[in-house]
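Chains, contacts and geometry: an overview
As a plain string of letters, each chain reads:
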Amino acid sequence: MTNTDLRRSDVAAIIDHTLLKPEATRADAEAAVAEAARLGVFAVCLSPSMLPIDTGSQRTCVVAGFPSGKHHSLVKAAEARLAVDSGADEVDMVIDVGAAVDGRFDEVFADVLTVREAVGDSTLLKVIIESAVLLQLAGPDTVTEVCRRAERAGAGMVKTSTGFHPAGGASVEAVRLMRAAVGDRVGVKASGGIRTAEFAAELIAAGATRLGLSSSATVLDGFPE
């Protein structure tokens, strides 16, 4: 599918409508769920403290080890397991970015595997690698190796960013690297700083199969019906 072929419904079908601000209230979460239903997006991504919550026909996604990734692997695993037990269908976990920068890829693998085993096979696990940081501090080979380790550990998707790091969010370069690393075996989620339809289309063309957006309505308005 080319950029010119993209329709609003095509893009909505791969959006995780996201609310992860620390100041978000339960009323904000309920409003996000209502907006997700109105827009017809795929999933709603929330902080685990918002569970349980009824997201209707949209899948429920939560984060773990967010946003720093510096939690102990067992803490991430417990957080993720509790979220699944409270109704989460998908978990987006953050790796220890410093371990990746150091080249301690076995630790990254073990971190992901610990969470994978905790949530079970029926839960989609997305692994946030903070690609902007890795590209800035360690280079493209590190992005490639981290994605490969995440895949080997059981990730169903690799994800660019938390959207909270000052180094930045998603980029076309990162998505291309990540897609090349995992082939068509797992998904690639682009998130962080995606605010226009044009940028979303570029990321999809680069290989993104899911988009994490807080500005979902604005982005979707840029695509034809």
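Refer to the structure printed above.
On a predicted model such as this, the values are computed, not experimentally measured, just so you know.

The next thing to look at is the layout of surface pockets. The calculated volume of the largest pocket comes to roughly 400 Å³. For the largest pocket, the lining is made up of 19 residues, of which Thr 18, Thr 162, Gly 163, Phe 164 and Ser 214 are closest to its centre. Among the elements of the structure, β1 (15-19), β7 (187-191) and β8 (210-213) are those that each provide at least two residues to the lining of the largest pocket. Its residues assigned to classes, the lining of the largest pocket shows five nonpolar, 10 polar and four charged.

Tracing the backbone shows Glu 90 in strand β4 (residues 90-94). Beyond its immediate sequence surroundings of up to four residues, Glu 90 is in contact with Asp 16, Phe 42, Arg 59, Thr 60, Cys 61, Val 62, Thr 123, Leu 124, Lys 126 and Arg 210.

A few words on the pairing of strand β3 (residues 59-64). Taking burial as the measure, the six residues of β3 include five buried ones, the bulk of the element. One ladder, built from four bridges, connects strand β2 (residues 43-46) with β3; its direction is parallel. Directly across from Cys 45, in β3, lies its bridge partner Cys 61. Bridge count between β3 and β4: four bridges; the pairing is parallel. Bridge pairing in β4 links Cys 61 to Glu 90. The β-α-β motif built from β3, the intervening helix α3 (residues 73-85) and the parallel element β4 has right-handed crossover chirality.

Cut-off values and rules
- Residues numbered from 1 in each chain as written.
- Predicted model: local features only at pLDDT ≥ 70, side-chain atom pairs only at ≥ 80, totals over all residues.
- Heavy atoms only, no water.
- 1 Å grid on protein atoms, 1.4 Å probe; cavity = no way out; pocket = protein on both sides within 12 Å on 5 of 7 lines; lining within 4 Å.
- Points joined across faces, edges and corners; volume = space filled by probe spheres on them.
- Helix = DSSP H or I, 4+ residues; strand = E, 2+ residues; numbered from the N terminus.
- Nonpolar A, V, L, I, M, F, W, Y, C, P; charged D, E, K, R; others polar.
- Contact = heavy atoms within 4.5 Å.
- Buried < 20%, exposed > 50% of the residue type's maximum accessible area, 1.4 Å probe, protein only.
- Pairing = 2+ DSSP bridges.
- Right-handed = clockwise from strand over helix to strand, strands pointing away.

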